[in-house]
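Each chain, written out:
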Amino acid sequence: MDHLLVRHAEENNKLYEKTELISYLFGLYFILYLTPKVKIPFYRTFVVMSSIVTLEQTIDKVLSESQIEFVNKIDSAYNESLNNLESSRSNILQEYSKIINNAQKQSESIKRQIIGASKISARNKQLLLLESAVNNVFVKSKEKLYVLGKEKGYESMLYRTLEEGVSAIQTRDIIIECNKNDKNLITKIINDFIKKNINYKIAVSDGFFDFIGGIRVRSSDGLMSYDGTMDSKLERVKPIIRKNIAQILRGEE
Amino acid sequence: MSDSINIEYTKIAEIKGPLMIVDGITQASFDELVEIETPDGEKRLGRVLEVGHGKAIVQVFEGTTGLAIVGTKAKFIGKTMQMPVSPEVLGRVFDGLGRPNDGLPEPIADKFLDVNGEPMNPEQREYPTSFIQTGVSVIDGMLTLVRGQKLPIFSGSGMPHNILAAQIARQASVVGTKEDFAVVFAAIGVQYSEAQYFKRSLEESGALRRSVLFLNLADDPAIERIITPRVALTVAEYLAFDLGMHVLAILTDMTNYSEALREISAAREEVPGRKGYPGYLYTDLANIYERAGRLKGKNGSVTQVPILSMPADDITHPIPDLTGYITEGQMVLGRDLFRKGIYPSVNVLMSLSRLMKDGIGEGKTRSDHSEVANQLYDAYSRSQEVRALAEIVGRAGLTGIDLKYLDTGDMFENNFLKQNLDENRSLEETLSRAWEILSALPESELTKIKDKHIKQYYRHQNQQQSTNVGVAAAVSSSNAT
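In what follows, the accompanying structure is described.

## Let's talk about empty space enclosed by the protein
Residue and element names in this part refer to chain B. Evaluation of the coordinates by the stated rule reveals 3 cavities of 30 Å³ or more. The space that makes up the largest cavity amounts to roughly 40 Å³. Within the lining of the largest cavity, the residues separate by chemical class into 5 nonpolar, 2 polar and 2 charged. Both domains that meet at the lining of the largest cavity, namely domain 1 (7–80) and domain 2 (83–359), each give it at least three residues.

Here it is in structure tokens:
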């Protein structure tokens, strides 16, 4: 709409300019005709009039051409500005979507990070608590095993351990290491063993050993030893029974 | 295994490099675990390499520094090295021998698995055919990884192979299913900064809780490196075949592993093979690489991406050479692309995924995937030839079509290959970028693509220009929605 109004105003201006030019030429001729020093004959007046018409036509032509050119220029400028606007709009949209995407990505990443880290942290705390509870169970078990050492089956267990140890280290000159509470019991067991296996020379070590129970069978040259202590047996089964203890503590069994 | 449970020996005959020779052995078995106590009371682990004539050769994982012939005790445990496994291993960090390295206790084990693994029954193997999306265009588009495949990355020193591996680990997913996905990462003799980068990158992406890390750093004992890939793969097998997860096992750097093997071989005075590596390097590597795959009747899979840095970028070096015989293709990182600042600097012309053809196409990825990949290979190969020609005759001496190929090569490197570290591209986007590049060539040059696909996806010049506007409009409308 604005565009049409502008064009209409332009056309009016041109028409006004043309009328003004013609009236100016007539005025000029009239002044020359009346001036006494400049005598212009009548026939020349006719010639002047006809050349004015030609001039008028030329001016008309120039004006219409320039008008077309002008309108075309306006049109192309208008289209260009529309294109510019369109392309800048798409650029803006691209930039906008880029910014939004980046922000979304970033927020997703932060969200994932926070959720992941908190889940791992919670799980780790649970693991530490569980481990401390499992260790407590083992400490209590050791205390109980120390007391159990005085019970019936303990003597036969020590005898079996002695047999295993002797068989494992394959030597006849042997030293037995045990805790001080078990010394008398071990001496009795060794005597029983030697009665059955006469070729063995077995002695009880004088050293102080802090086992819960059980014995360590060592060759007298010290090159080889068999660990049959309850401590080492407990350590050996610890990884296996940890799962059962954890299940009980978790209330799964 | 022998009955030598808890027998301790104190007669150490010799200590040589990473090996310790124990004398007076009555009962010991090959591969048996040995607990070594130093004169200071420090405990180390080892394993029996050879037994005979009353002697056992023990390989000490933590090295023999500080060990003495007098006062050192070796206790033969009576079992092979085992790794305690349970679902709790996910999100944990272990050292190269599988001991916790994150300040937490040992996982409460469901099972104890031999780190040497169970060999897969070839009859029970299932052929890998399912696509894994890594979000990296060059891999998804041209070197597609499939579940159960072993696809190594051949790299060089200083190249960003670990960054690429971390990106794959962060982004890898099984598209279109809700099946569980896990990452097992074994760092073998890597720098502390690299290990930290990997850990941090998994933490930041939230992928750590579905990952297990085994870290043997550059300053850790070299001999430990023999065990690191084995414990990592033991856990990977457990997650895959016991828990039914799809596991991506990344082993970096297998060159360090092979060097540890060479060190032991030299200490054992074995006859050296090429470049001093033992003659059994091929068999040893195969023992590791062949632990990837799928099994009939099991849901999970183990996909391996071993990384190895080629000494002096030499692809004929024994390690990449032998690896190439065992694995199903390779991704080669190119020094030239790296120098041009292109990441990931995968030299596609030297790379190949042998199982790609079975993991892509209709119903798996997209019907035009294979053809597009072939055409891209072809176009990039031609562009490289033209580049070489242009260096001699100059750009002015090239024909019109040669110039188009030259531009296509540049577009391929900058729009397809080049990617940001955190850019996770969908397969659709990857293929769309591929078509954008191929559309820069005349239709008549696309000889490897069926007409119907050209008709469907080829973008004519005016279409290409309007693509950006179209994309922006689509984005704005989706945002408005």
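Let's pick the thread back up.
## Some details on the nonpolar core
Residue and element names in this part refer to chain B. Grouped together as the largest cluster of nonpolar side chains are 68 residues, with contacts concentrated most on Leu164, Ile250, Leu376 and Phe412. The residues that make up this core include at least three from each of domain 2 (83–359) and domain 3 (369–480). Ignoring sequence-local partners within four residues, the contact set of leucine 376 consists of Met142, Phe412, Phe416, Ala434, Ile437 and Leu438. Formed by 60 residues, the second largest nonpolar core is a distinct cluster that contains Phe61, Ile223, Ala232 and Ala249.

## As for the interface of chain B and chain A
Often the size quoted for an interface is simply the accessible area lost on bringing the parts together. Between chain B and chain A, the contact holds 36 residues from the first and 34 residues from the second. Across the chain B to chain A interface the summed buried area is about 3000 Å²; carbon plus sulfur atoms make up 57%. Contact with chain A buries surface across chain B, with Asn6, Ile108 and Arg209 of chain B losing the most and accounting together for 19% of the total. The tally of links between chain B and chain A comes to 3 salt bridges. Between aspartate 227 of chain A and lysine 75 of chain B there is a salt bridge, and its shortest N-O distance comes to 3.8 Å. Taken together, chain B and chain A are joined by 7 residue pairs in polar contact (both at pLDDT 80 or more). Among the elements of the structure, strand E1 (7–9), helix H3 (192–204) and helix H14 (461–480) of chain B are those that each provide at least two residues to the side of chain B that touches chain A. Element by element, the count of residues in the side of chain B that touches chain A is highest for H14 of chain B, at 6 residues. Among the residues making up the side of chain B that touches chain A, the classes are represented as 14 nonpolar, 12 polar and 10 charged. In terms of strand pairing, strand E4 (residues 224–229) of chain A meets E1 of chain B through 3 bridges, oriented antiparallel. Counterpart to serine 225 of chain A in the pairing with E1 of chain B is glutamate 8 of chain B.

## Considering the packing of aromatic side chains
Residues and elements named next belong to chain B. Under the defined criterion, the tally for this structure stands at 9 aromatic pairs over all chains. For the ring pair phenylalanine 94 and phenylalanine 214, a centre distance of 5.3 Å and an interplane angle of 20° mean the geometry is stacked. One end of the pair, phenylalanine 94, is in strand E9 (residues 93–95); the other, phenylalanine 214, is in strand E16 (residues 211–217), and 120 residues separate them in sequence. Judged by its relative accessible area of 0%, phenylalanine 214 falls in the buried class. Measuring from centroid to centroid gives 5.3 Å for phenylalanine 412 and phenylalanine 416, while their planes differ by 20°, and the two rings are stacked. Here phenylalanine 416 and phenylalanine 412 lie together in helix H11 (residues 400–417), a separation of 4 residues that amounts to about one turn. In terms of burial, phenylalanine 412 and phenylalanine 416 fall into one category: buried.

## Remarks on the sheet that holds strand E3 (residues 214–219) of chain A
If you walk across this open sheet you meet the 11 strands as E2(A)-E1(A)-E3(A)-E4(A)-E1(B)-E7(B)-E4(B)-E5(B)-E6(B)-E3(B)-E2(B), and the pairing is mixed. With partners counted over all chains shown, the strands left at the sheet margins are strand E2 (201–204) of chain A together with strand E2 (12–16) of chain B, one partner each. Across the sheet, the axes of successive neighbouring strands diverge by a mean angle of 30°, strand direction being ignored. Across the sheet, helix H3 (residues 153–169) of chain A is in contact with strand E1 (173–177), E3 and E4 of chain A together with E1 of chain B; its angle to E3 of chain A comes to roughly 20°. Across the sheet, helix H5 (residues 230–250) of chain A lies against E3 and E4 of chain A, angled at about 75° from E4 of chain A, the strand it touches most.

## Observations regarding the layout of surface pockets
Put simply, the second largest pocket is a space of about 1500 Å³. Taken together, 44 residues make up the lining of the second largest pocket; nearest its centre are Glu235, Arg236 and Pro239 of chain A together with Glu35 and Ile77 of chain B. Of all the secondary structure elements, the ones that give two or more residues to the lining of the second largest pocket are E3, E4 and H5 of chain A together with strand E4 (32–37), strand E5 (43–52), strand E7 (73–80) and strand E8 (82–85) of chain B. Among the residues forming the lining of the second largest pocket, the class breakdown is 15 nonpolar, 9 polar and 20 charged.

## Considerations on the pairing of strand E15 (residues 181–190) of chain B
Successive residues of a regular strand alternate their side chains across the two faces of the sheet. Residues and elements named next belong to chain B. The buried count for E15 comes to 10 of 10 residues, which makes it a mostly enclosed element. Note: E15 against strand E17 (residues 246–252), 7 bridges, orientation parallel. Bridge pairing in E17 links valine 184 to alanine 249.

## As for the environment of serine 29 of chain B
As for its position among the elements, serine 29 of chain B is in the loop between strand E3 (19–23) and E4. The sequence separation of serine 29 of chain B and threonine 80 of chain B amounts to 51 residues, and the corresponding C-alpha distance is 9.0 Å.

## Quick notes on the side chain of serine 86 of chain B
Residues and elements named next belong to chain B. Mapping serine 86 onto the fold places it in the loop between E8 and E9. For serine 86, a relative accessible area of 2% puts it in the buried group. Not counting the four nearest positions on each side in its chain, serine 86 is found in contact with Pro107, Ile108, Ala109, Asp110 and Tyr238.

## Focus on a nonpolar patch on the surface
Judged by side-chain polarity, Val237, Ile240 and Ile241 of chain A together with Phe112 of chain B come together as a nonpolar surface patch covering roughly 300 Å² of accessible area. Take valine 237 of chain A: its relative accessible area is 36%, and that puts it in the partly exposed class.

## A short note on unusual backbone geometry
Residues and elements named next belong to chain B. In the segment running from threonine 252 into aspartate 253, the intervening peptide bond is cis, with an omega of 15°. Along the chain, tyrosine 343 connects to proline 344 via a cis peptide bond; the corresponding omega equals -5°. Following the sequence through the fold, proline 344 ends up in the loop between helix H8 (335–339) and strand E21 (352–353). Here aspartate 31, not a glycine, exhibits a phi torsion of approximately 75°, which is positive. Its place among the elements puts aspartate 31 in the loop between E3 and E4. Here the phi dihedral of alanine 312 falls at roughly 55°; this positive angle occurs in a residue that is not glycine. If you trace the backbone, alanine 312 turns up in the loop between strand E19 (301–309) and helix H7 (318–326).

About the criteria used
Residues numbered from 1 in each chain as written. Chains lettered and ligands numbered in written order. Predicted model: local features only at pLDDT ≥ 70, side-chain atom pairs only at ≥ 80, totals over all residues. Heavy atoms only, no water. 1 Å grid on protein atoms, 1.4 Å probe; cavity = no way out; pocket = protein on both sides within 12 Å on 5 of 7 lines; lining within 4 Å. Points joined across faces, edges and corners; volume = space filled by probe spheres on them. Nonpolar A, V, L, I, M, F, W, Y, C, P; charged D, E, K, R; others polar. Domains from an automatic or database assignment. Core = buried A, V, L, I, M, F, W, Y, C linked by side-chain atoms within 4.5 Å. Buried < 20%, exposed > 50% of the residue type's maximum accessible area, 1.4 Å probe, protein only. Contact = heavy atoms within 4.5 Å. Buried area = accessible area lost by both parts, 1.4 Å probe. Salt bridge = Lys/Arg side-chain N within 4 Å of Asp/Glu carboxyl O. Polar contact = N/O pair within 3.5 Å; in protein donor to acceptor, adjacent residues only side chain to side chain. Helix = DSSP H or I, 4+ residues; strand = E, 2+ residues; numbered from the N terminus. Pairing = 2+ DSSP bridges. Phe/Tyr/Trp six-rings, centres within 6.5 Å; stacked < 30°, edge-to-face > 60°. Axes fitted to C-alpha atoms, helices over the stretch in contact; angles between N-to-C directions. Patch = residues over 30% accessible without salt bridge, like charges linked within 9 Å, V, L, I, M, F, W, Y side chains within 5 Å. Areas by Shrake-Rupley, 256 points an atom, 1.4 Å probe, with all protein chains shown as cover.

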